[in-house]
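What follows is the residue order along each chain.
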Amino acid sequence: MATSSIDGRQLKRRFRAGVDRLSQHVELINQLNVFPVPDGDTGINMFHTLRRAYEEIAEDDSEDAGVIADRFAHGALMGARGNSGTILSQLLKGFADGLQAPTLRPSLLRRACQAAVKQAYSSLSKPTEGTMLTVAREAAESLGHEASGAASLKQMLEGMTAAALASLENTPNLLPILKEAGVVDAGGMGLVCFMQGMLGGQSALPAARLESARELRGEAAGGSYGYDVQFLMIGEDLDIARARRDLEALGWSVIVAGDRRAIKVHIHVNNPALPLDYALKTGAALDDIVVENMDIQYQRGLARRQNEAAPANSDSPATSVIAVVEGDGMRAVFRDLNCDTIIDGGAGRNPSTEDFLVAIKQLPSHQVVILPNDRNIVLAAQQAADLIEGRLTRVLPTESVLQGISAMLAYGDASDANADLEATIEQMSAARAATISIEVTRASRMASFRGLQIRRNDYIALVDGELCSASADIESAVLGAFSELDLQKIELATIYFGADLAEADAAELVERLKASSVELEFEIIFGGQTLYPYLISVE
């Protein structure tokens, strides 16, 4: 019998099925990154966004579809992580605003989906086609107009999902960088997975040219999403390639980075003992072990949100700064520069909109500046700034922690001069724009990109977010990055070395650079970041 309507309880079940379907493909979505960097986390961000959304309705038995959609959207807004999660939350908000009825019927499905697309597009200053926006729009357009036919709700959902899949397969033709990298859009893939789950099917996903794209290892059992496990393996002759292969067989959302002396591991598993036991059996020593039950993280967040915001008073500073920072050394740098609140952020751990809201409310100042320090965190930060009430909150779209440091230096100068907020933002923006950022990491997969033949575990260097060099040797990768710069206009390079390196390693790099006619003044600082051995600020 054709489905004629969906009530609140049915919609809740479909939302849960959508979350489960996406959870099964988190690692595959993560690996659809244009650049083969180890912190591709689109899948993780979308999963956390949807998990928080479902937590909002987990105990709600309302039969009103409009109520369920509205609460689900609110949870997504609060839990939005990364650009993909933030756009997804806007789609869900628009859908809920367009529904506003106790039952979902064909005409309401058209209206809600059209509202979802309008909301998502309007939330971005420069929408990009060939992304999840396109997938959502073309899926909605497949529904036609109310007068175009009398298809059942089931037929409309099936047609809409098929259109979304076709749109996803076409994303490389709309966005050349996807075609060059041999992948479809990661956010679009996540949206298709969610829609397929809501439909109740297990349709095939498009193939992508990936060396090691794997589906999630094992479905969530009994409504549990498992444990987030992180640790550091320390030894003398560690086999990072084998460790990655073995750990990928144990869990999902696996990130393994490092060298023969130290390997940083991030993995999601149903049994946290498995990866720890494996690491010990390799003979490695373990350090910095973190095990988090993802099913109770929300409860911790709820307790944190119940803390009342500190009241602003006349003795409060005029402006406070919030920054997202990863690494002990980097956090120390920001504290020294008088950053008021530091939110821990790193690969697979992008802060949510809710994290920003909590941080803002706990500050005594009426004026707040947020430094996302990652291009994938900017939208979530801006969403928080738009949602907060009673505080003038501005987001300075720093795309790297190095831009954030330059902005903080300018903030100090502006504070000393008693500049107002607009003048302070202007000075911070100018400093951000003048910063050249070099980021060095390991390739997470084999790739061919703009003439570079990249092998898995090669060192790759990005200059202001653009991949420019790759080599089996880290120093050669850094030299390749410097070769892209106009050295006549540069005076100083500040090298922040990561958790797996020593100051002596950075000093050797400086000598290699000097020997290669890079005549600059160098400064070496401990950063402590995990997946990027070197972060280099050039000015």
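Data block above holds the structure.
Now for a description of the structure that goes with this document. As the structure is a prediction and not an experimental result, all values here were calculated from the model.

**Considering the overall build of the protein**
So, point 1. For the protein, the count of helices and strands is 20 helices and 16 strands.
So, point 2. Across the 539 residues that make up the protein, the buried fraction comes to 58%.
So, point 3. The contacts in the protein between residues at least 6 apart in sequence include a share of 73% that link residues at least 24 apart.

**What to know about the packing of aromatic side chains**
So, point 1. In the structure shown here, the tally under the stated rule is 4 aromatic pairs.
So, point 2. The interplanar angle of 5° and the centroid separation of 6.4 Å between the aromatic rings of Phe 72 and Phe 194 together place this pair among those described as stacked. One end of the pair, Phe 72, is in helix α4 (residues 65-79); the other, Phe 194, is in helix α10 (residues 186-199), with 122 residues separating them in the sequence.
So, point 3. For Phe 194, a relative accessible area of 4% translates into the label buried.
So, point 4. Ring plane angle 55° and centroid distance 5.5 Å describe the contact between Phe 497 and Phe 526, whose orientation is recorded as tilted. Residue Phe 497 is found in strand β14 (residues 492-497), and its partner Phe 526 is found in strand β15 (residues 521-526); the two are separated by 29 residues along the sequence.
So, point 5. With relative accessibility at 38%, the residue Phe 526 sits in the partly exposed group.
So, point 6. Every member of this aromatic cluster is reached through a ring pair, and the members are Phe 15, Phe 72 and Phe 194.
So, point 7. When the ring centre of Tyr 54 is taken as reference, the NZ or CZ atom of Arg 16 above it lies at 5.1 Å.
So, point 8. In this arrangement the basic side chain of Arg 442 is found over the ring face of Tyr 459, its NZ or CZ atom lying 4.1 Å from the centre.

**Quick look at helix α16 (residues 378-387)**
So, point 1. Residues of α16 that are buried: Val 378, Ala 380, Ala 381, Gln 383, Ala 384 and Ala 385.
So, point 2. Looking at the buried residues of α16, the elements they touch are α4, α5 (82-99), α15 (353-361), β7 (367-371) and β8 (392-395).

**Regarding the pairing of β7**
So, point 1. In terms of burial, β7 is a largely internal element, 4 of the 5 residues being buried.
So, point 2. Relative to β7, strand β5 (residues 319-325) is paired through 5 bridges, and the arrangement is parallel. Residue pairing across strands places Val 321 opposite Val 369, the latter belonging to β7.
So, point 3. In this structure, β7 lies alongside β8, joined through 4 bridges in parallel fashion. Across the sheet, Val 368 pairs through a bridge with Thr 393, a residue of β8.

**Notes on unusual backbone geometry**
Negative phi values dominate among residues other than glycine, just as trans dominates among peptide bonds.
So, point 1. In this structure, Gln 100 takes a positive phi of about 45° despite not being glycine.
So, point 2. Here Gln 100 lies in the loop between α5 and α6 (106-122).
So, point 3. At Asp 464, a position not held by glycine, the phi torsion is positive, near 50°.
So, point 4. Relative to the helices and strands, Asp 464 resides in the loop between β12 (459-463) and β13 (466-471).

Cut-offs used in this document
Residues numbered from 1 in each chain as written. Predicted model: local features only at pLDDT ≥ 70, side-chain atom pairs only at ≥ 80, totals over all residues. Heavy atoms only, no water. Helix = DSSP H or I, 4+ residues; strand = E, 2+ residues; numbered from the N terminus. Buried < 20%, exposed > 50% of the residue type's maximum accessible area, 1.4 Å probe, protein only. Contact = heavy atoms within 4.5 Å. Phe/Tyr/Trp six-rings, centres within 6.5 Å; stacked < 30°, edge-to-face > 60°. Lys NZ or Arg CZ within 6 Å of the ring centre and 35° of its normal. Pairing = 2+ DSSP bridges.

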